[in-house]
Structure formats: C-alpha cells, structure tokens
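A structural walkthrough
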Amino acid sequence: MPEPQSGLPSPCPRDPLFRPDSHMDVQGYRWVCWKVWFCRLAAVLTLGLLLILFHWRPRLAVLARCSSCPLALADVLLLRDGFGQQYVVQVLTEEVADNSMELLGDQEDSEWRDTVQLHKEEKMLLRYYLFEGLRYVWLARKGAFCRVSVLNEDWTCSDLHSFQNGLSPLEQSSRRHIYGPNLIDVPVKSYMRLLVEEVLNPFYVFQVFSITLWMVDKYYYYASCIFLISVLSISISLYEIHKQSTTLRNMAQLITNVTVRRSSGEEECISSVELVPGDCLVIPQEGLLLPCDAALLAGECMVNESMLTGESVPVLKTPLPASEGRYSSDSERRHTLFCGTQLIQAKGRGTGGTGAIAVVTSTGFFTAKGDLISSILYPQPINFRFYRDAAKFLLFLGFVALIGTIYSFIVLRRSNATVLELVIRTLDIVTIVVPPALPAAITTGTIYAQRRLKRQGVFCISPPRINVCGKISLFCFDKTGTLTEEGLDVWGVMEVGPTGFSELVSEPRLLPRGPMLYGLACCHTVALLGGQPLGDPLELKMIESTGWELHEPEGDQTELDSAFGGYRVLAVMRPPAQQLQAEGTCPGEAMAIIRRFPFSSALQRMSVVTVAPGGHPALAFIKGSPEMVASLCLKETVPAQFSSILRTFASDGFRVLALGHKTLDGKMDLKTVERGAIERDMQFLGLLVMKNLVKPESAGVINTLRLAQLRTVMVTGDNILTAVNVAKSCGMVGSDDRVIFVHATPHTAQSMPTLRFHLGEGGATAAAGSVEVITQGLYQNGFAYHLAINGKSFAALCDHFPEYLPKVLMRATVYARMAPDQKTQLVKELQKLNYRVGMCGDGANDCGALRAADVGVSLSEAEASVASPFTSKSDNISCVPLLIREGRCSLVTSFSLFRYMALYSLIQFCSVLILYTMKTNLGDLQFLFFDMFLVTLLAILMGTGGPSEELYPRRPPASLLALPVLGSLLIHTSMIVLGQLAALFVTISQDWYIPLNSTKSGAENLPNMEDTCVFALSGFQYIIMAIVVTKGYPHKKPLYHNVAFFCVLLVLLALMSWLVLYPGPVIGKLLQLYNISDMNFKMLLVALAALNLLVCFLFEVLIDVGILNFIYWLRGTRPSKKQYKRLDVSLSDSPSWPPLNQPLPSTQWTVIGVS
C-alpha cells in the first residue's frame, strides 16, 4: 500500500514578507573584487578609521564593496524595515540532495528546481538568509526571499490530520535542511567580541578621542580619571550584557527528548532540535514543556499558558476538527499547543496508548515563544517625540560647538598661539560642548523607575515605554477579571417552561432531573489534576451549584467506554448520591462527555456531546452568550419575553449565560461530527444568572484617572447592558450621565446599511419632546452622555460609516461583545486620532490589543509574557495609576537630566571661552573637580526622586524643542554668561587686581585671578542649575523628599563656599587657585552666586506658570495638532449630535445609488 502523500502545499499567496507588520525592502548586491581590495587598502591608510565608519554605517560598507544585482544572484542583501532602519545580511547556501526536493510536492518541487537552475552544478543549493532569528528562503517563482514558514502557511486542518501517520526519516531530514534546527538561539557573544563592539560605540570612540586630546594637552589627572571610569563603565556594561544574554538564552533555549511517530508506524525518541513542521508528536500522559507549536489531533491536554498569555488558569485544549478550512494558530487557539507552555497532563489519545497526538506546525523563532524572545531581543523602535528631539538637540549642541570653535580659533590666532595649540584648543571646545554622557544620562530616570516598578510587582520588558506611560491620554480596560472579580457566584437559573420562563431557582441543585440540570452539569471543559478540578472559574461555580461530581477515566478505560455504547469517554458526570437515593434511581446512572467544542471568544459559545449509559440517548448541549445561543435555537423554543428578561438582568449588572440542547440523530457519527452540525436547530433551555462583583479597587482607580483628565474606556466580550452597569458601578459613567446606544446594521439583500442612536432609558420609545430636550442639553455640562456600542455594530460602523467612526470613538465609553481582533482594531483606530492608548487586561483574549497599545499592562503572575510590555502581579487595576505616575516621573527626570547635562556643557563652554579670551584656562584638577565631584554626583542622584502621590490633570511635555524648554535654556545660558562676566569684571575692577602675564597662555598661567573668580562662580552654577532644573511638583515629589540628593546639594554648596572663602594653602595649591585675601570680595562672589540662583529660579518659576505663552498669543491661536482635541472642539460646538432616533444612511451607499 503506498504511503500517503505528505508534500507541502503551495505557498500562501499572501506572503508574510509583504505584510505591513513585517514589510522589508530588500536590495541585492554582489561582491566586486577590486572594490573589496581598494577598501582594504583604504582601511590601512586611514589607520582603521574607515572600518569604524563601516561599522557605524553598514550600508556604506555594502555600497563601497559591492555592486547592485538581482536578488537571485546576490551575495549580500541590504534590508530596510517599515521603520526605516537598515540592516546588512549575508546570503547563505547549503547543499541539499536532489531527492530532498522531490519530497516537497509537485508545486514546491518545480519551485525549488527553479531555484537551483541558477547554479548549473551537480549539487542542489538552497539559498537563504537569517534575520532576527528567522530564516528566509529564496523562492524563484516569487522572485523573492520569503519566510520559510510560508511553505506551511496554507495547510488546512485536514492537511494536518494527514500528517498523523508521521514523516519518514528521509522526509524529516529534507525538511530539517529547509526549516533549519528547532532552536530559539539567543546569541551570547564572547567578552572579547563584546569589548570590541562596545569600544567601537560612538560614545566610547568619542571618549578615546577626548582622552587622547586631554593627554596631549597635559591634563594628565583628568584624562586618567576619565579613562579609569570609562574602563569601569565598559567592564560593568560587558558583565551586564553577557549576564542578560545568558539569562535570556537559558530562558529561551529548550532542548529535550520527544517522541515522534514515523510513517512506518514506529515511535522514535529524538532531540527536540530535530523537529520540523509536519512531525507527528506523541505527548505523554504526564505532559511536557512543549518545544514547538503544534496542533492537537487526538486526545485532550490541560495546559498552563501563563508565559504566553499571562492567564494563570490552566486551559483545556481539544482536538482540531478535520475541516477543509485554512489552519491558523490564532483562530484555532483552543486546538493549538504553544511553544514554551507547560502541558500539565494529556489524555484520550485513543487506541494504542495514553496521552495525546499533535502535529508540529512551527519551530524556532516562528513559534509563540520565539515571538516573545524576538520582542525582547529586537524591540520595535518607539515613535516617541522625546527620543526624536534628543537627537535633534545633539545636532544643535554640535552647531554651538562649531561657533565656539570658530571663536576660540580667532582668539587664539590673535594671541599668536602655535598650530598645535590652535588644533588642541579648538578641538577641546567640541569635547566640552557635546557631552558624550548625554544619551546615557537621559536613560537614568527610566532605570530608576523600572527598579521602583519592580519593587511594586510591575515588570517591564521594554524600558523605553516607561517614558511613554507619562503621555497616556486614554486607557482601555477589559471587564471580567480586570474591573470585576474573576470568580462569579451563581445567582440562579430560569428554566423555560410551557408558558415561558419559570421563576428564578436560586439553587440549581434543586432543579428536577432533565435537560437543564444535565446541561449545567455537563456543558463545560473542566478537567481533573491530582483529583482537583481545574478550569474556568465560571464553570467551576456552575458545576458546584449542581452538586454533580466530575470523574475522569484512569488507566485502561475499555470497560468504561463499553458501558457508554463504545464511545471514547472524556469525562463522566455523576449526580450526588443523596439525590439518587431521593429519586430512587440507580446509583450508577450518570452522563458521559464524549465530545467537547471549547469556548471561543469569536464564536461566543461552547458545546459538548453527552451520552447516557448504553450510549443512548446522545444529547448535545450548548452554552454561551444569550444572543448567540438564541440565534442557534429554534425560534419557537425561545420565549417571547427573552429580550426583556435579559435586559433586566444585564441592566442590574448580572452576567447571563444561556443554554440549549437537542437530541442527536442515532445515525450521526459522533466521533467525527463537526461543530457546525451540532450547534444548530437547538432547543432553548433557559438562563444561568451569575453575579459578577466589581473589584473594590476599580472605582477608586477610575476616579483617580478621571480627576487626572485621563479618559477611560471599557472593552469587553460581555453583554452591553451588563457592561454599562459595571461602567456605572466603577465610575466610568456618572450616575447622572446619559447612555446612548449606537446601533449600526450592515448591508443585506433586503436593506441598506443604517446607523441609529437611541437613549438607554426609554430608548426608541422615548417621547419626541423629551428626546429633543435631552438632545439640547447633551453638552450643557461637558461629558453629559456616553455612547455604548457592541461588536456587530462596531464592525458595521467601520465598514459602512467610516465618516462617523471618529465621532463615535470620541464619545464611546462602553464597547461590548467585542471579539479579540476587534479589540485590537479599536486600539489602532484610537491611535489614529493621536491618542496615546493604554490597555489593561488579563492577557487571555486581549493579547492583540495589549501589544498594539502604546502601553499594555497584563495582570498576571508571570514576570514576563508575550502579551504585553508590562506585567503586574496585582490582580486589580491599581497598577495603572502607579504606572502613569512612574512614567510621568521618569519623563520629567529625563527632561531634567537632559537639560542639566546641556547646561553643564554650556557653563563649562562659557568658562573656557571667557578664559581663552583672557589667555588662560581651567586647570587639570579643576576640570576633574567639576566633572567628577559636582556634575557626575548630582546627575546620578538627581534621578532617584520618586513620583508624586497624586496624578495631576496636565501631562508633562514630551518635546525637548518646545518653547518652554528652549526658552529656559536660552534664559539660563544668558544668566550663566552674565554671572561669569560679572564675576570677571568685578575682579578686574578691584584695586588689588594684577593683570595676567600675556607671555604665557592656557593652564600655564595658573594660578591667576581671572581663573579663580570664574572657577568660583561656575562651580556654584553647576549646583544652581541642578536645583533649578530638578522639577518637583506636580509629577515628582518635592526636592527635599529626595534625601540623598538634597543632602549632597547642601554639602556641595558648603564645599564651594569653603573653596571660595577659605580654601587653605594645601587645597588652593592643589586646585591652582589664586590666594585672594580680600574677604569682602569673596563674600561678594558668594552673593553674586546667590543672586544667580535667585534670578534663575525665578525665571524657571515664571516659565512654568506660562510667561512665554504671550509668544503663542502673538502668533495667534492655532488648532491642536492632535486630531482628538480638534474633534472634541468640533463636537462641543455641535449640540445636535448625535441625532437621536434618526436612521443615518451610509454616504458610501448613497454615492453608489446616485451613480
């Protein structure tokens, strides 16, 4: 009998290479021999400087050594990603046996043959490259390098089932050549390589240049100290990088032995490194830590996915149905086992053994765990104005350095300085004005904030996003498990009777034996682990309320299967013994679950198939959202008062689920029946009413955010009325605010798409007069109304009413019945309005939205998850204000440090230019004292200040080029220059002043009066600027709360006063200070410094209160650059919007109809 064909289907036409989220512009280049040798010669002649330039700009290295060519012939590729960043990768080749190509199937075979026809050799060559851990292979028919995962992206569910027989060793070997090893390999570089790369960093190259220059200029002490500090800094950096890489590698790399099934029927134990897509994986009963992504084909698995989703509750995975639909791990999450997740137990494999059977779908970095590691290793660049402006500001300082260089050149030229002195002095200006530590200094605030967050139980895998937290303007919250308690209490059951709904039964165990009781007991995915039930808290409460007990088969279950008609039994539900005795039934009577179709957020339902002893009757039960279940039931079985009863419970904040059932046809094959055949033509059973309490912290947090003028939005999969009730309970919707429901319908064969707004109280039945009165008063008190919309209407709104979408987004507070992909879409639409969006959820159904948001917070026990950049161990939303406060504190600190480092450079810049003019300069130890004992100490401690306890309504600025920042820098620089010049002129005006000996220049003139007075005032200015730019209220605690910084300020002020008033002969000689005996003059210098502090502090306060705003007034008011602010103004000026109870047609369809 021939083996089943297991070739790879043709690549999906929607190649992920060309998708927006992974778009890469690829250009091919070939080595040119003479260019390569020319560059080598140039590198020698430039003493390696050309190689450093090539290291910084790899694109230049490619252009200099290569010539452009078609991709098919390329040796080197130049990649440009969607963010404009460029990378250079080598094209690799690997010899592959000819028969390996034949195993790829007809279409792939021809495709790969096209590939190798470029190489007229006996050996077949596979051409590929590696980028960020992912393998891209050359597909000639596409004329492009594509992700290797494209070869299995078009697999259908039935294709995966065909792999259940396993691959032959030859097939497995050929695929391993193509897909590569199943490894998430985090590169851990050697210390020597790290050292070379670190030293070639522009920061350290600049340091080497500066140290060399200072040594030539005879600043031996200063240069030596900076050298030692740089060596220490590099050593610490290398150790931390190596340690982090090793830790990440240990977390990422998972090599274990697994059992796979071969096409011969035998089972073989191999290393997980050898796994390839298509391998049939045998999962043992005790489970394992999964080393790949796999689709479950037979049996059930209980999985802990906390690493992946942040959800601590184990999830039950069920077999993938053998349909012809295209397989996707996102849409088939309930049937997919993800890499890195812990399989707690496996069962129900069927004949031939215990455990479960799965087929490998993804390996290496293409897995879910690979995605997590990739997001840590290669984070996407953050589009944040602060980081963009920092680079621009460095260019500005470079321009200032150029002006200073020209000025110093002119001054020194006039003083007949030698050529060497001219070169040294002018280059020295550059090392002063552009501080190499500036980029490192602005990250200090983020590092301190990250440490504080970690102590509070909030973990971050993307530190730059901490600053983004400070600019959040809107926060989305999931409902269940986030705003409300995870657990639910059963409130009661309303069963359908002949005349409609019966009275509410508060104890489901008191229900008579029948379909409703059976449905409550059996319609779940709860499993046992060590005798303890595990599963959704809702389902655990539901089973507990019935009193029924869950039993699972153990060991050889042949006898149990035969007792229930020969069906494979997954679980058995037995009624309580006392109930059996009371009803006089046989104690052995029970219900066996033989098929499970787990809950899906997209489908809003789950279902099971059960049989009684003997295999008959076979009953199907469905449980899910009332609207969905009612739509799948026969209309005559749904009571007329269904909508009103549901509205009543939902409005009171209850969580409502509906149940249905039907007896299955005896001819139906229950082992292979598809979900669609089960979940239709059901009979409506009734409603399960559960109370979902709002967490005690939720209302306080929402109120805190509201007072800080941060907009809050609820995004949930629950009923819209329940969501509105919770929104009112937690304060998102005020008690006096109106709720207006948005109802949009798509185009159908019978009707055009329509959009309607109706009031929550009274809705469409409200009197016309009252509607008019309410409409007129919507904007009397700001946000007097909130829009609420469900998933179906949101989809119709996006598709047919895009012109109204921004307006709805501006006023909608409640989004209900939202599928996971709709949550992601909502976040992206809000970002299009220029909102900085935060998202907080439990991680399970919110992964897409959490990652799409500017700041995603997952409530989880895990320290890091693929779900979001932030993970909080607290089970409530109290971490959100904390995160925003820390973000604002970090942003303000980054601003303060940036301004301080810039002002430090400008202070020294002014001092040096003034002293150059006077033919002198600061001494070696004077530079050392300023940079080490003053500036470095203050900069390190400046960032230790914690955040304010309250959230201020105004957010901190994010632009370094904003008028207040540039204005304050200009004013402070002016005060610095005036202060130093005043000190110099006061010194010159003294009777005892002795002019400088003009026959010498630079530090050789030390000590002298000019240098001493400039040293005195500039020393105070370093401390003054630290006081002035260190912002406290409202985003940080006042300066005196930062005890270490405050104490150091006092000590340094005292030290500078001592150095000015009475340095003593030893210190004076050491620092090369002139011994001025006039105490009145010294007191005058201290008073001048005090005046400098007073004036700068006063100007800073005036700038903070908006004294520079008159410039905005002069240019006239301009509309905000943020779209949501312009929309808010527009809506506030439109009191007739939204029009209540008036159907609005789609303009798209109107245009089509007219044309």
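Refer to the structure above for everything that follows.
Along each chain, residues carry numbers from 1 onward, in the same order as the chain's sequence is written. The predicted origin of the model limits local features to residues at a pLDDT of at least 70 and limits the giving and counting of side-chain atom pairs to 80 or more, whereas totals for whole chains, interfaces and linings rest on all residues. Side-chain metrics in this entry use all non-hydrogen atoms of the structure; hydrogen atoms and water are not considered.

**Digging into the overall build of the protein chain**
Numbering of helices and strands runs from the N terminus, with a helix taken as a DSSP run of H or I at least four residues long and a strand as a DSSP run of E at least two residues long. Helix and strand counts for the protein chain come out as 41 helices and 39 strands. Pairs at least 24 residues apart make up 75% of the contacts formed inside the protein chain by residues separated by at least 6 positions. Of the roughly 50,500 Å² of accessible surface on the protein chain, a fraction of 59% belongs to carbon and sulfur atoms. Residue contacts are defined here by distance: any two heavy atoms, one from each residue, within 4.5 Å place the two residues in contact. In these tables, accessible area is a Shrake-Rupley quantity obtained with a 1.4 Å probe, and a residue counts as shielded only by the protein chains included in the view.

**Considerations on helix α36 (residues 1043-1061)**
Multiply 1.5 Å by the residue count of a helix minus one, and that product is the helix's expected span. Counted at 1.5 Å a residue, the expected span for α36 with its 19 residues is 27 Å, and the 27 Å between its end C-alpha atoms agrees. Using a 1.4 Å probe on the protein chains alone, a residue whose accessible area is under 20% of its type maximum counts as buried, one over 50% counts as exposed, and one in between counts as partly exposed. When we look at burial in α36, the residues that qualify are Phe-1045, Val-1048, Leu-1049, Leu-1052, Met-1056, Leu-1059 and Val-1060. The arc enclosing the buried residues of α36, seen along the axis, measures out at 105°, which places them on a common side. Facing away from the buried side of α36 by over 90 degrees, the exposed positions are Val-1043 and Val-1051. In this context, the arc is that of the directions from the helix axis out to the C-beta atoms.

**Side note on the sheet that holds strand β13 (residues 300-304)**
As a general point, the strands of a sheet are linked pairwise by backbone hydrogen bonds and lie either parallel or antiparallel. When DSSP locates at least two bridges between a pair of strands, those strands are taken to pair. Taken in spatial order, the three strands line up as β14-β13-β16 in an open sheet, and their pairing is antiparallel. Two strands in the sheet have a free side with no partner beyond their single neighbour: β14 (315-317) and β16 (342-347). The sheet shows a mean angle of 25° between the axes of neighbouring strands, taken without regard to direction. Two elements, β13 and β14, share three bridges in a ladder whose sense is antiparallel. Counted as the bridge partner of Met-302 is Leu-316 from β14. Interaxial angles span 0 to 180 degrees and are taken between N-to-C directions of axes, which are lines fitted to C-alpha atoms, for helices over the stretch in contact.

**So, the pattern of salt bridges**
Throughout this description, the term salt bridge denotes a Lys or Arg side-chain nitrogen within 4 Å of a carboxyl oxygen of Asp or Glu. Counted by the stated rule, this structure contains 26 salt bridges. In this structure, Lys-823 and Asp-478 form a salt bridge, with 3.6 Å as the shortest nitrogen-oxygen distance. One end of the pair, Lys-823, is in helix α30 (residues 820-832); the other, Asp-478, is in the loop between β19 (474-477) and β20 (489-497), and 345 residues separate them in sequence. The two residues Lys-823 and Asp-478 agree in class, both being buried. Residues Arg-605 and Glu-679 are paired through a salt bridge, measuring 2.6 Å at the closest nitrogen-oxygen approach. Taken together, the positions of Arg-605 in strand β27 (residues 605-611) and Glu-679 in the loop between α24 (675-678) and β30 (683-691) put the pair 74 residues apart, joining distant regions of the chain.

**With respect to the sheet that holds strand β3 (residues 76-81)**
Overall, antiparallel pairing links the four strands, which are arranged β2-β1-β3-β4 in an open sheet. Either end of the sheet is taken by a strand with one partner, and the two such strands are β2 (66-69) and β4 (86-90). In this sheet, neighbouring strand axes are inclined to one another by 35° on average, regardless of whether the strands run parallel or antiparallel. Two strands pair when backbone bridges link them, and β3 and β4 are joined in this way by five bridges, in the antiparallel orientation. In the strand pairing of β4, Arg-80 is matched with Gln-86.

**Digging into the nonpolar core**
Buried Ala, Val, Leu, Ile, Met, Phe, Trp, Tyr and Cys residues form a nonpolar core when they are joined through side-chain atoms within 4.5 Å. In this structure, Phe-477, Phe-870, Val-880, Tyr-900 and Leu-938 are the most contacted members of the largest nonpolar core, which totals 131 residues. A per-element tally of this core places helix α32 (residues 879-917) first, with 23 residues. Counting residues domain by domain, this core receives three or more from each of domain 1 (191-252) and domain 2 (385-457 + 889-1059 + 1066-1104). In this structure Tyr-900 touches Val-935, Leu-938, Ala-939, Met-942, Tyr-1022, Met-1025, Ala-1026 and Val-1029, once residues within four positions along its chain are discounted. By convention here, the domain bounds are inherited from an automatic or database domain assignment.

**Some thoughts on unusual backbone geometry**
The bulk of non-glycine residues show a negative phi, and the bulk of peptide bonds are trans. The backbone of Gln-604 sits at a positive phi, close to 60°, despite the residue not being glycine. Its location among the elements puts Gln-604 in the loop between β26 (591-600) and β27.

**Description of the packing of aromatic side chains**
For Phe, Tyr and Trp, where Trp contributes only its six-membered ring, two rings pair if their centres lie within 6.5 Å, and the inter-plane angle classes them as stacked under 30 degrees, edge-to-face over 60, or tilted in between. Going through the model one piece at a time under the given rule, you end up with 26 aromatic pairs. Consider the rings of Phe-642 and Phe-684, whose centres lie 5.6 Å apart with planes at 85°: the pair is edge-to-face. Here Phe-642 is found in helix α23 (residues 642-651), whereas its partner Phe-684 is found in strand β30, with 42 residues between them in sequence. Here the aromatic cluster, defined as three or more aromatic residues joined through ring pairs, consists of Tyr-904, Phe-929, Phe-930, Phe-933, Phe-1015 and Tyr-1022. For a Lys NZ or an Arg CZ to count as sitting over a ring, it must be within 6 Å of the ring centre and within 35 degrees of the ring normal. Of note, Arg-135 hangs over the ring of Tyr-128, and the distance from its end group to the ring centre comes to 4.1 Å. The ring of Phe-654 is capped by Lys-691, whose NZ or CZ atom sits 4.6 Å from the centre of that ring.

**Points about the packing of helix α1 (residues 33-45) against helix α3 (residues 58-65)**
Remark: α1 packs on α3, axes separated minimally by 8 Å, with the N-to-C direction vectors making an angle of 125°. With respect to each other, α1 and α3 are oriented oblique. The segment α1 lies against α3, with Lys-35, Val-36 and Cys-39 engaging Leu-63, Ala-64 and Arg-65. Among the residues making up the contact of α1 with α3, the classes are represented as four nonpolar, no polar and two charged. Comment on the angle field: the value is read as roughly parallel under 35 degrees, roughly antiparallel over 145, roughly perpendicular from 65 to 115, and oblique elsewhere. Polarity classes work like this: nonpolar for Ala, Val, Leu, Ile, Met, Phe, Trp, Tyr, Cys and Pro, charged for Asp, Glu, Lys and Arg, and polar for all others, with Gly in that last group.

**A look at the packing of helix α28 (residues 791-800) against α30**
Interhelical geometry of α28 versus α30 gives an angle of 50° and a closest axis separation of 11 Å. The angle between α28 and α30 falls in the class oblique. In this structure, α28 meets α30 at a crossing whose hand is left-handed. Every residue of α30 that contacts α28 at Gly-791, Phe-794, Ala-795 and Cys-798 is listed here: Gln-822, Gln-825 and Leu-826. Taken together, the residues of the contact of α28 with α30 break down into four nonpolar, three polar and no charged. Left-handed is the label given to a crossing in which the near helix is rotated counterclockwise from the far helix by less than a right angle, and right-handed is the label when the rotation is clockwise.

**What about the environment of Gly-686?**
Here Gly-686 is to be found in strand β30. Classification of Gly-686 as buried rests on a relative accessible area of 0%. Between the C-alpha atom of Gly-686 and that of Leu-657, which follows or precedes it by 29 residues, the distance is 8.6 Å. Non-local contacts of Gly-686, meaning those with residues more than four positions away in its chain, are made with Met-494, Glu-495, Val-496, Phe-501, Met-516, Leu-657, Ala-658 and Leu-659.

**Remarks on the pairing of β20**
Here β20 runs beside β30; their pairing, made up of six bridges, is antiparallel. In the strand pairing of β30, Gly-492 is matched with Val-689. With two bridges connecting them, β20 and strand β21 (residues 500-501) associate as antiparallel partners. The partner of Gly-497 across the bridge, within β21, is Gly-500. If you look at the hairpin formed by β20 and β21, you'll find two residues sitting between the two strands.

**Let's talk about the pairing of strand β9 (residues 257-261)**
Of the pairings in the sheet, the one linking β9 to strand β10 (residues 267-271) comprises five bridges and is antiparallel in character. Looking at the pairing, Thr-259 lines up with Cys-269 of β10. Hairpin connection of β9 to β10: five residues between the antiparallel strands, including Gly-265 at a positive phi of 95°. Relative to strand β11 (residues 280-283), β9 is paired through three bridges, and the arrangement is antiparallel. Directly across from Val-260, in β11, lies its bridge partner Leu-281.

**Some details on the side chain of Thr-716**
Here Thr-716 is to be found in the loop between β31 (711-715) and α26 (720-730). Exposure remark for Thr-716: the relative accessible area of 1% places this residue in the buried category. Contacts of Thr-716, omitting those with residues within four sequence positions, involve Asp-478, Lys-479, Ala-723, Tyr-815, Ala-816, Arg-817, Met-818 and Lys-823.

**A look at a nonpolar patch on the surface**
Only residues whose relative accessible area exceeds 30% and that form no salt bridge enter a patch; like-charged residues are grouped when within 9 Å of one another, and nonpolar side chains (Val, Leu, Ile, Met, Phe, Trp, Tyr) when within 5 Å. A grouping of Phe-399, Leu-402, Ile-403, Ile-406, Phe-409 and Ile-410 is seen on the molecular surface, where their side chains present a nonpolar patch of about 570 Å² in accessible area. With respect to the helices and strands, Leu-402 occurs in helix α13 (residues 385-414).

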